[in-house]
Each structure stands twice: as C-alpha cells, then as structure tokens.
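Each chain, letter by letter, is given below.
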Amino acid sequence: MNSLTSLNEDDQAIHSALVVAGEEIGYLNQDFGDWPKAQELDELLIAPFYKDQFWSQHGELNWDLIRAADYNHGGDTGYLGNGGKQTGQSAFLLLFRHRHVGATYANQIDVWIHRDPAASRPTETKAESLVAAGWRQVVMYSGADELERLKGKAP
Amino acid sequence: MSRKFATLLSLLVCAFFGLAGQAFAQKKLRVGVTLHPYYSFVANIVGDRMEIVPVIPGEVNPHGYEPGPDDIKRASTLDALVVNGIGHDEFIFKIVEAAGRKDNLPMIYANASVALIPIGGERNGEKIVNPHTFVSTNGAIQQVYEIARRLGEIDPPNATFYRNNGRDYGTRIRRLRADFMQRIASHGKDFRAATMHAGYDYLFQEFGLRVAAVIEPRHGVSPTARQLAQTLEDIRAAKVQVLFAEQYFGGNLAETVRRETGVRVYTLSHITDGPFTADKFEREMRENIDTLARALEEQ
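No experiment lies behind these values; they were computed from the predicted model shown.

Novice: Before we go on, may I ask you to explain the overall build of chain A in this structure?
Specialist: Looking only at helices and strands, chain A has five helices and five strands in total. Element order for chain A, N to C, with α for helix and β for strand: α-α-α-β-β-β-β-α-β-α. Residue burial in chain A is summarised as follows: out of 155 residues, 53% are buried. Contacts in chain A between residues far apart in sequence, at least 24 positions, make up 57% of those at least 6 positions apart. Per element, the accessible surface of chain A, about 7,000 Å² overall, is 50% carbon and sulfur.

Novice: Quick question: what am I supposed to make of the sheet that holds strand S3 (residues 91–97) of chain A here?
Specialist: Think of a sheet as strands paired side by side through backbone hydrogen bonds, with each pair either parallel or antiparallel. Residue and element names in this part refer to chain A. Reading across the sheet, the five strands line up as S1-S2-S3-S4-S5 and stay open at both edges, with antiparallel pairing between neighbours. Each end of this open sheet is capped by a strand with a single partner; those strands are strand S1 (62–67) and strand S5 (135–138). The average undirected angle you get between the axes of adjacent strands in this sheet is 25°. As paired strands, S1 and strand S2 (residues 77–82) are joined by five bridges and run antiparallel to one another. Counted as the bridge partner of arginine 67 is glycine 78 from S2. The sheet strands contacting helix H1 (residues 9–32) are S1, S2, S3, strand S4 (108–114) and S5, and the helix crosses S3 at an angle near 25°.

Novice: What is the right way to read unusual backbone geometry from this model?
Specialist: Residues and elements named next belong to chain A. Residue alanine 47 is joined to proline 48 through a cis peptide bond whose omega torsion reads 5°. Structurally, the position occupied by proline 48 is in the loop between helix H2 (38–43) and helix H3 (53–57). Non-glycine residue glutamate 60 carries a positive phi angle of around 55°. Note that glutamate 60 resides in the loop between H3 and S1. A residue is classified by how much of its surface remains accessible, and glutamate 60, at 24% relative accessible area, is partly exposed.

Novice: Mind showing me how you'd approach the sheet that holds strand S2 (residues 50–54) of chain B here?
Specialist: All names here are of chain B. Strands sit in the order S2-S1-S3-S4 across an open sheet of four strands; the sheet is parallel. In this open sheet, the two edge strands, each paired with only one partner strand, are S2 and strand S4 (107–109). Direction aside, the axes of adjacent strands within the sheet are offset by 25° on average. Two strands pair when backbone bridges link them, and strand S1 (residues 29–33) and S2 are joined in this way by five bridges, in the parallel orientation. Note on S2: the bridge partner recorded for glycine 32 is valine 53.

Novice: Can you help me understand the packing of H1 of chain A against helix H6 (residues 159–183) of chain B in this one?
Specialist: Packed helices, taken two at a time, are described by the angle between their axes plus the distance between the axes. Closest axis-to-axis distance for the H1 of chain A/H6 of chain B pair is 12 Å, and the angle between their directions is 130°. Taken as axis vectors, H1 of chain A and H6 of chain B run oblique relative to one another. Crossing of H1 of chain A against H6 of chain B: the hand is left-handed. The residues of H6 of chain B that touch H1 of chain A, namely those facing Glu24, Tyr27, Leu28, Gln30 and Asp31 of chain A, are Arg163, Arg167 and Arg174 of chain B. Residues belonging to the contact of H1 of chain A with H6 of chain B are distributed by class as follows: two nonpolar, one polar and five charged.

Novice: Mind showing me how you'd approach the side chain of glutamate 246 of chain B here?
Specialist: Considering the arrangement of structural elements, one finds glutamate 246 of chain B in strand S7 (residues 242–246). Ignoring anything within four residues of it in the chain, the contact list for glutamate 246 of chain B reads Met196, His197, Tyr200, Leu268, Ser269 and His270 of chain B.

Novice: What is the right way to look at the interface of chain B and chain A in this model?
Specialist: A common way to report how large an interface is uses the accessible area buried once the components associate. Of the residues lining the interface, 37 residues belong to chain B; the matching set on chain A comes to 38 residues. Taken together, the links from chain B to chain A amount to eight salt bridges. In this structure, the salt-bridge partner of arginine 163 of chain B is aspartate 31 of chain A, at a minimum N-O distance of 2.7 Å. Where chain B touches chain A, the interface holds 18 residue pairs in polar contact (both at pLDDT 80 or more). Those elements that provide at least two residues to the side of chain B that touches chain A are helix H5 (138–154), H6 and helix H7 (201–206) of chain B.

Novice: Just to check I follow, could you spell out the pattern of salt bridges for this structure?
Specialist: A side chain of one charge can pair with a side chain of the opposite charge when the charged atoms of the two come close. As enumerated under the stated definition, the model contains 30 salt bridges over all chains in all. Two residues, arginine 149 of chain A and glutamate 146 of chain A, come together in a salt bridge whose shortest N-O distance is 2.9 Å. Of this pair, arginine 149 of chain A and glutamate 146 of chain A both sit in helix H5 (residues 143–153), three residues apart, which is roughly one turn of the helix. In this structure, a network of salt bridges that share partners links the residues Glu24 and Asp31 of chain A together with Arg163, Arg167 and Arg174 of chain B.

Novice: Sorry, what's going on with the nonpolar core here?
Specialist: Grouped burial of nonpolar side chains is what soluble globular proteins tend to show. If you look at the biggest cluster of nonpolar residues, it comprises 65 residues, and the most contacted ones within it are Ile147, Leu151, Phe204 and Phe244 of chain B. Core analysis: the second largest hydrophobic core is formed by 25 residues, Val55, Leu78, Leu81 and Leu105 of chain B among them.

Novice: I keep staring at empty space enclosed by the protein and nothing clicks. Help me out?
Specialist: A water-sized probe rolled over the atoms picks out the places where empty space is left. Enumeration over the complete set of coordinates arrives at three cavities of 30 Å³ or more. Approximately 120 Å³ is the volume attributed to the largest cavity. The wall of the largest cavity is formed by 13 residues, among which Ser16 and Val20 of chain A together with Asn138, Gly139 and Glu206 of chain B lie closest to the centre. Mapped by element, the contributors of at least two residues to the lining of the largest cavity are H1 of chain A together with H5 and H7 of chain B. Tallying contributions element by element places H1 of chain A first for the lining of the largest cavity, with five residues. For the lining of the largest cavity, the class distribution of residues is eight nonpolar, four polar and one charged. Both of domain 1 (25–178) and domain 2 (183–297) of chain B provide at least three residues apiece to the lining of the largest cavity.

About the thresholds
Counting restarts for each chain, with residues numbered from 1 along the sequence as it is written. Labels follow written order: the first chain is A, the first ligand is 1, and so on. Only residues with pLDDT of at least 70 are given local features in this predicted model, and only at 80 or more are side-chain atom pairs given and counted; all residues enter the totals for whole chains, interfaces and linings. Calculation of side-chain values draws on the structure's entire complement of heavy atoms; hydrogens and water are dropped beforehand. A run of H or I in DSSP counts as a helix once it spans at least four residues, and a run of E counts as a strand once it spans at least two, with each numbered from the N terminus. Only protein chains enter the accessibility calculation, which uses a 1.4 Å probe; a residue is then buried when its area is under 20% of its type maximum, exposed when over 50%, and partly exposed in between. Any two residues having at least one pair of non-hydrogen atoms within 4.5 Å are treated as being in contact. The Shrake-Rupley method, run with a 1.4 Å probe sphere, supplies the accessible areas, and residue values consider only the shown protein chains as cover. Paired strands, as defined in this entry, are two strands with at least two bridges between them according to DSSP. To define axes, lines are fitted to C-alpha atoms, for helices over the stretch in contact only, and angles between the resulting N-to-C directions are given on a 0 to 180 degree scale. Any angle from 65 to 115 degrees is called roughly perpendicular, while one under 35 is roughly parallel, one over 145 is roughly antiparallel, and all others are oblique. A crossing counts as left-handed when the near helix is turned anticlockwise from the far one by less than a right angle, and as right-handed when that turn is clockwise. Residues were grouped as follows: Ala, Val, Leu, Ile, Met, Phe, Trp, Tyr, Cys and Pro as nonpolar; Asp, Glu, Lys and Arg as charged; and all remaining residues, including Gly, as polar. One speaks of a salt bridge when a side-chain nitrogen belonging to Lys or Arg is within 4 Å of a carboxyl oxygen belonging to Asp or Glu. N or O atoms closer than or at 3.5 Å make up a polar contact, with two conditions inside protein: a donor-capable atom paired with an acceptor-capable one, and, for residues adjacent in sequence, both atoms drawn from side chains. Residues enter a nonpolar core if they are buried and are Ala, Val, Leu, Ile, Met, Phe, Trp, Tyr or Cys, with the set joined through side-chain atoms within 4.5 Å. Buriedness for pockets is judged along seven lines, at least five of which must meet protein on both sides within 12 Å for an open set on the 1 Å grid over protein atoms alone, while cavities are sets there where a 1.4 Å probe fits but cannot get out, and lining residues have an atom within 4 Å of a point. Grid points are joined across faces, edges and corners, and a volume is the space filled by probe spheres set on the points. Domain borders in the structure are assigned automatically or taken from a domain database.

Below, the structure written as structure tokens:
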C-alpha cells in the first residue's frame with residue numbers, strides 16, 4: 001500500500017500523523033526507557049492520539065499500546081488504532097521492530113492497515129502473520145523517494 | 001639561551017597556541033538554507049553554534065529564481081546546506097553546481113523522512129506530489145528532527161545539543177497546533193474551503209480540515225478560462241464558503257472567485273518572503289492559525 005496513492009483521505013491523514021508520532025515515541029523511549037501509553041500520548045498533544053478535532057474528523061479511533069518491547073531483550077512494540085467511524089477508513093497498527101534501549105535509529109517503524117476498521121489486536125506481529133490476518137503494510141512515499149524520482153527525470 | 005629569553009619564548013609559544021586554539025574553537029560551521037522556514041528551524045536547533053547563511057536574498061520570489069554571482073560565492077563557502085529539494089528551491093541545484101560543490105557539499109533534504117501527500121482538490125484522480133511540507137506543523141516537526149539529526153552527524157560534538165533543541169522547538173510547534181485545535185473545537189465540522197494554490201494542504205490535513213478545490217493548476221500559474229469555469233462550478237457544487245488566498249502573491253483572481261461564487265476571502269502566509277529570522281516560522285504560523293480560526297468562527 002503506497003501512502004501517496006493507495007490511501008483514502010482519512011487513512012492518509014492518520015498515516016502522516018503516525019509517522020511523526022513514531023519519531024516522538026522513539027524519543028520518549030530513548031529519554032525515559034519506557035513506552036508511553038496511548039493516553040499519555042493524548043496528554044502530550046501528539047496526533048493522532050490527541051483527542052482533538054483531527055481525531056474526531058478522522059473517525060475517533062481507539063488507540064491502545066498492545067505490546068511493549070522488553071527492556072532487556074528487545075522485541076516489537078505496537079500501538080493499535082481501531083473502531084473508526086468514518087466510512088471506508090482502516091484500522092492501524094504502528095510497530096517498532098526489535099527495539100532495544102539506546103538504539104532508536106537502528107530500528108524500524110512500520111505502519112500497517114486493516115480494511116476492517118474493527119480489526120482486533122494481532123496475536124503475532126511477524127510480517128507473514130500480519131499478512132495472513134489481513135493486515136497490509138503501508139509503504140511511505142517520502143521526500144527521499146520523490147528526490148529519487150526527480151533525479152531519474154533530470155536530464 | 002638565557003633564562004629570561006627562555007621564559008619570554010615560552011610565553012610567546014603559549015600565547016600563539018592559546019590564540020590558535022581560540023580561533024579554532026570559534027570557527028563555526030556554515031550551514032546554508034534556501035527557504036525562510038528552514039532558517040527558523042536551523043536557528044532554533046543550532047543556537048549560536050553554527051553560522052546560518054541564507055543562500056539567496058529574503059525578499060526575492062523563489063519561484064523561477066535565477067542565481068547571481070553572490071549566491072554562488074556564498075554557496076562555495078558552506079559546510080552543509082538545508083533544502084526542500086522537491087519544489088520551491090530548484091534554483092539551489094544550479095547554484096551548488098556553479099559553485100563547484102556538487103560532489104562535496106553535504107546536502108540535508110529536510111523532508112527526506114516526511115510522508116508526502118498529493119495536491120488537494122479534484123484533479124481527475126491524478127496524484128501530484130505537494131512540495132509545501134514547510135507550511136505545516138506536524139510536517140515541520142518531522143523536518144526539524146530530520147535536520148537536527150543530520151546536523152548532529154555533521155557536527156558530532158554538538159549532536160545532543162541539536163537533538164535537545166530540536167525536541168524543545170518541536171514541542172513549541174506542537175503547542176501552537178494544539179492551541180488552534182482547542183480554539184476551533186466547536187467549529188469546522190462542515191467547513192468547506194478552497195485555496196488559491198496548493199500551499200496549505202499539509203496544514204489543512206493536520207488540522208482535520210478539507211480542501212475542496214485549488215484554483216491554480218500550478219503555483220503561480222493562472223488557470224485558463226476553461227479551467228477557471230470548471231473550478232467555479234466545483235466551488236458552487238461543493239458549497240465552499242471560504243477561499244484562502246496567498247499573502248505574497250497577489251492578483252485579481254481571488255476577487256474574481258469571490259464575485260462569482262460569494263465566498264469570503266482570507267489570506268494566509270506561505271512563509272517564504274521577507275527577512276530571515278529565527279522566530280519567523282512561529283510568528284507567521286501563529287498568524288495563519290489566527291486567520292484560519294477567524295474564518296471558522298465567522299462561518
């Protein structure tokens with residue numbers, strides 16, 4: 001799923017906000033050694049967790065920290081957003097892959113969506129398990145991608 | 001060597017190395033910027049630990065800008081350069097090449113890690129990438145973090161300082177957004193707006209507002225009579241109430257749209273004109289937010 005071309009307006013807005021939230025959560029984890037709960041992200045005014053008009057215009061997703069990487073052994077951390085009320089919107093999964101304390105940028109942030117807005121928390125977060133359960137990974141179209149495209153077009 | 005001379009010599013040696021050390025300590029890296037928001041972002045990240053160099057004058061229109069010898073001279077002395085890279089500052093590539101720095105100037109592409117979105121409004125299903133990532137709040141925070149990270153790689157002794165400043169600045173921008181969201185909490189549910197050009201799609205998306213139509217087919221390019229007629233029809237059909245025009249790029253088009261459709265017209269800042277200052281981004285973004293809130297409150 002390409003973030004530029006394959007998402008509807010609601011999903012695209014939530015995806016854009018999640019990318020920035022992913023950075024914030026990474027910093028919070030670096031600074032405090034813990035994973036913030038969805039309610040704490042709301043209190044920190046971080047979209048799409050912050051319950052403002054953006055949140056209500058885009059379906060009032062219920063966000064939850066569904067798994068947190070173990071402090072010593074790493075593992076995945078995940079936030080699930082489901083129960084959206086807008087027609088055609090997806091459920092979201094924000095995943096921090098194999099996070100270890102102090103190695104924020106060596107790790108990967110994934111965004112996955114499920115066409116069923118009521119999708120429940122996945123039992124496994126391995127890619128093949130998520131795909132089997134109907135989740136699809138969003139491939140972000142970033143400024144770096146656009147630069148590559150423009151370079152390809154340059155004479 | 002007499003004892004007196006030896007003492008004098010050692011004093012001179014100390015003085016020389018002391019001065020040299022001081023000069024070395026005071027040599028700041030020079031980081032270039034192309035657009036006003038990037039000046040503000042970098043200034044808030046580096047404080048006084050780098051020299052920030054706007055590559056082109058602040059008062060010129062970056063669209064279609066033709067570089068001059070002074071721009072090339074400035075670029076030749078830089079240690080790093082912060083650019084948008086996907087639109088609005090295309091001139092920089094000519095300047096860097098003319099300065100002979102194409103292969104040895106570290107380029108910081110501010111929106112390398114920003115999720116891009118298409119230009120808003122109906123465009124027959126075509127998705128055209130919107131380069132206005134710098135007229136935003138969340139998008140701005142992402143760029144501040146990207147710039148802080150890259151500057152930290154270029155200047156490792158100050159990496160933590162840049163990171164922490166970037167975090168503080170990002171928090172201020174987030175507060176700005178939250179203030180607006182609280183102010184419009186009871187408005188905006190059925191807000192239908194058009195914009196003169198596609199400069200505000202990121203901002204509107206972050207605020208949960210929808211752009212129903214964009215008048216200009218491309219930035220600075222007036223629509224043909226046929227395109228305009230279609231856009232006016234779209235505005236009427238979508239029951240658009242408000243048109244946001246551009247503060248720096250005037251013209252009669254907004255007045256034409258107002259007369260034909262009855263929309264109320266407000267102006268927003270694109271943050272790409274005037275003096276380069278550290279507070280410009282926050283100041284003009286706050287003005288934009290005030291304008292947006294007023295448009296919502298007056299609907």
